[in-house]
Amino acid sequence: MRIRTLIVDDEPLARERVRALLTEEADVDIVGECGDGAEAVASMEREAPDLVFLDVQIPEIDGFGVIERVGLDKTPVVVFVTAYDQYALQAFEVHAVDYLLKPFDQDRFQKAMARARQAVQLRRNGDVNERLVALLQDLKTPQGPLERLVVKSSGRLFFLRVEEIDWIESSGNYVCLHVGAESHLLRETMNGIEAKLDPARFIRIHRTAIVNIDRIKELQPLFHGEYDVVLRTGMTLTLSRGYRDRIQGLIGKDA
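Since this is a predicted model, take the numbers as computed values, not measurements.

Two elements in contact, helix 1 (residues 12-22) and helix 5 (residues 106-122), have axes whose closest approach is 11 Å; the angle formed by their N-to-C orientations is 70°. Between helix 1 and helix 5, the crossing angle belongs to the class labelled roughly perpendicular. Between helix 1 and helix 5 lies a crossing of right-handed hand. Contacts between helix 1 and helix 5 involve Arg-17, Val-18, Leu-21 and Leu-22 on the former and, on the latter, Gln-106, Phe-109 and Met-113. Residues of the contact of helix 1 with helix 5, tallied by class, amount to five nonpolar, one polar and one charged.

In structure tokens:
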């Protein structure tokens, strides 16, 4: 049985890694590679692969959005690839064929391939799609506030409790987590990370900044409803007028 396989990842080195490992699998034919979600949808519809290695955090449409766009009846067997998403990992362990947590070695990859082969063989009975349905339902179920993050830096994984974060800064397609003297990049949007944080602990004060309330030392009034937000680290940020209502409870209604 030949397994027609698609690789989807926005990082060229990550695609190269998966491709190199797949070339050692005698029953695999690589039918394409994609760098974003929109391209992945088009390739899956055009090539109808049996298997896809699908990165979760990709531009345009994320991995879960790709599945929804293609439709569960046309979605191939999926092995998810992820760098940090702890909520998704919990769901993968229950519902998905398998997932690869970056960075992964050859042994872990081969275990994923073994599961994928079995899933491809079972594809006709609909079992795989039922598991994907359950996965998507779990991901759409409201979760509690984020408690910890796993971030990748220089080939290492750092486990951070969100309460340790002083403030979060927008940085292109990433957010920068400022933790004391250290900073870590995480592939996430500001709106995305804000939605996962506890609003009783973190407040958006600017389109480019979210702060941990416990790290605020003082607020210094400026003009036109803006404030300087001074953190206990000495860092000074600006509370823009458009986000003033979010911190109203701290500064009082008459401030």
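Text resumes after the structure shown.
Once that is clear, we can look at the pairing of strand 2 (residues 28-34). On a regular strand, each side chain points to the face opposite its neighbour's, so the side chains alternate between the two faces of the sheet. The sheet contact formed by strand 1 (residues 3-8) and strand 2 spans six bridges and is parallel. Within strand 2, the position partnered with Ile-7 by the bridge is Glu-33. Regarding the hand of the β-α-β motif, the stretch spanning strand 1, helix 1 and strand 2 is right-handed.

Moving on: the environment of Gln-57. You can see Gln-57 is positioned in the loop between strand 3 (51-55) and helix 3 (63-70). Taking the C-alpha atoms as reference points, Gln-57 and Val-81, separated by 24 residues in sequence, lie 8.6 Å from one another.

Right, let's get into helix 2 (residues 37-47). Considered for burial, the residues of helix 2 that qualify are Gly-37, Ala-40, Val-41, Ser-43 and Met-44. A side-chain oxygen of the first residue of helix 2 lies 3.1 Å from the backbone nitrogen of Ala-38; this N-cap is Asp-36. Of the residues flanking the end of helix 2, it is Ala-48, one or two places downstream, whose phi is positive at about 50°.

Here we take up the packing of helix 2 against helix 3. The packing of two helices is summarised by the inter-axis angle and the distance between the axes. Where helix 2 meets helix 3, the axes come as close as 9 Å, and the angle between the chain directions of the two elements is 35°. Judged by the twist between their axes, the crossing of helix 2 over helix 3 is right-handed. Contacts from Gly-37, Ala-40, Val-41, Met-44 and Glu-45 in helix 2 reach Val-66, Arg-69 and Val-70 in helix 3. Counted by class, the contact of helix 2 with helix 3 contains five nonpolar, one polar and two charged residues.

How each quantity is defined
- Residues numbered from 1 in each chain as written.
- Predicted model: local features only at pLDDT ≥ 70, side-chain atom pairs only at ≥ 80, totals over all residues.
- Heavy atoms only, no water.
- Axes fitted to C-alpha atoms, helices over the stretch in contact; angles between N-to-C directions.
- Helix = DSSP H or I, 4+ residues; strand = E, 2+ residues; numbered from the N terminus.
- Parallel < 35°, antiparallel > 145°, perpendicular 65-115°, else oblique.
- Left-handed = near helix turned anticlockwise from the far one by under 90°.
- Contact = heavy atoms within 4.5 Å.
- Nonpolar A, V, L, I, M, F, W, Y, C, P; charged D, E, K, R; others polar.
- Pairing = 2+ DSSP bridges.
- Right-handed = clockwise from strand over helix to strand, strands pointing away.
- Buried < 20%, exposed > 50% of the residue type's maximum accessible area, 1.4 Å probe, protein only.
- Polar contact = N/O pair within 3.5 Å; in protein donor to acceptor, adjacent residues only side chain to side chain.

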